[in-house]
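Spelled out, the chains give:
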Amino acid sequence: MALLPARVKYRKPHTRGFRLNHVAGTGNKLAFGDFGLQVLESGKITARQLEAARVTASHYLGRVGKVWIRIFPHTPVTKHPAESRMGSGKGEVEYWASFIDAGTIIFEYAGVTEDQARQAMRLQSFKLPLRCRMISRTST
């Protein structure tokens, strides 16, 4: 089950400009856990990609430790159907996404060893479209 907002004020909001070379000023430090997965480049992560990464980590770790998801896909992305003519208004919502800046922490872990966290984050990074790295409290 993918993440999406329970309700929104506007179903199809205007597209906001997103700078692809921006560095995160907030959300770039560990807040809850001992280890974190940090994004090294700006971009878009869909709700499906985020859920796939979460399932992969929880499958690897089992019931050990605690995982925090630090981002949420608030932004609806619309798209016209294939082979439709120009005009006829704005397309329907295709998926929900989160536009994130470089340096943002996506996942945090506590109650696991460094080797477990490293392996879980390695598996997660395969599911994400952006380059990532692992950070820890001792390294930051």
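Just above, that's the structure.
A. The arrangement of the packing of helix α1 (residues 47-61) against helix α2 (residues 114-127) in detail. Two elements in contact, α1 and α2, have axes whose closest approach is 8 Å; the angle formed by their N-to-C orientations is 150 degrees. With respect to α2, the axis of α1 lies roughly antiparallel. Every pair of crossing elements has a handedness; the one defined by α1 and α2 is right-handed. Taking contact as the criterion, the partners of Gln-49, Ala-52, Ala-53, Arg-54, Thr-56, Ala-57, Tyr-60 and Leu-61 in α1 are, on α2, Gln-116, Gln-119, Ala-120, Leu-123, Gln-124 and Lys-127. Residue classes in the contact of α1 with α2 are distributed as seven nonpolar, five polar and two charged.

B. Inspection of α1 at higher detail. Here α1 is 15 residues long and its end C-alpha atoms lie 21 Å apart, about the 21 Å a rise of 1.5 Å per residue gives. What α1 keeps buried is the set Ala-47, Leu-50, Glu-51, Ala-53, Thr-56, Ala-57 and Leu-61.

C. Representation of α2 within the structure. Compared with an ideal rise of 1.5 Å per residue, which puts 14 residues at 20 Å, α2 spans 20 Å between its outermost C-alpha atoms and is within 8% of the ideal. Its buried side turned inward, α2 meets β1 (35-39), α1, β6 (105-110) and β7 (132-136).

D. Representation of the packing of aromatic side chains. Scanning the entire structure with this criterion turns up one aromatic pair. Between Phe-32 and Trp-68, the aromatic rings sit 5.6 Å apart at their centres with planes inclined by 20 degrees, giving stacked as the arrangement. Note that Phe-32 is positioned in the segment before β1 and Trp-68 in strand β3 (residues 66-69), a separation of 36 residues in sequence. Using a relative accessible area of 48% as the deciding quantity, one classes Phe-32 as partly exposed.

E. Geometry of the sheet that holds β6. With respect to topology, four strands assemble into an open sheet ordered β3-β6-β1-β7, the strand pairing being antiparallel. In the strand order of this sheet, the two ends are held by β3 and β7, each with one partner. Each adjacent strand pair in this sheet contributes to an overall mean axis angle of 20 degrees, direction not counted. As judged from the four bridges shared by β1 and β6, these two strands associate in the antiparallel manner. Pairing of Phe-35 across the sheet is with Tyr-109, part of β6. Lying on the sheet, α1 is in contact with β3 and β6; it crosses β6 at an angle near 15 degrees.

F. Representation of the pattern of salt bridges within the structure. Considering all chains together, one arrives at seven salt bridges under this definition. The shortest N-O distance in the salt bridge between Glu-92 and Lys-12 comes to 3.7 Å. You can see Glu-92 sitting in strand β5 (residues 92-100) and its partner Lys-12 sitting in the segment before β1, a full 80 residues away along the chain. Overall, the relative accessible area of 46% leaves Glu-92 in the partly exposed class. With a closest N to O distance of 3.9 Å, Asp-34 and Arg-137 form a salt bridge.

Each value, and the rule that gives it
- Residues numbered from 1 in each chain as written.
- Predicted model: local features only at pLDDT ≥ 70, side-chain atom pairs only at ≥ 80, totals over all residues.
- Heavy atoms only, no water.
- Axes fitted to C-alpha atoms, helices over the stretch in contact; angles between N-to-C directions.
- Helix = DSSP H or I, 4+ residues; strand = E, 2+ residues; numbered from the N terminus.
- Parallel < 35°, antiparallel > 145°, perpendicular 65-115°, else oblique.
- Left-handed = near helix turned anticlockwise from the far one by under 90°.
- Contact = heavy atoms within 4.5 Å.
- Nonpolar A, V, L, I, M, F, W, Y, C, P; charged D, E, K, R; others polar.
- Expected span 1.5 Å × (residues − 1).
- Buried < 20%, exposed > 50% of the residue type's maximum accessible area, 1.4 Å probe, protein only.
- Phe/Tyr/Trp six-rings, centres within 6.5 Å; stacked < 30°, edge-to-face > 60°.
- Pairing = 2+ DSSP bridges.
- Salt bridge = Lys/Arg side-chain N within 4 Å of Asp/Glu carboxyl O.

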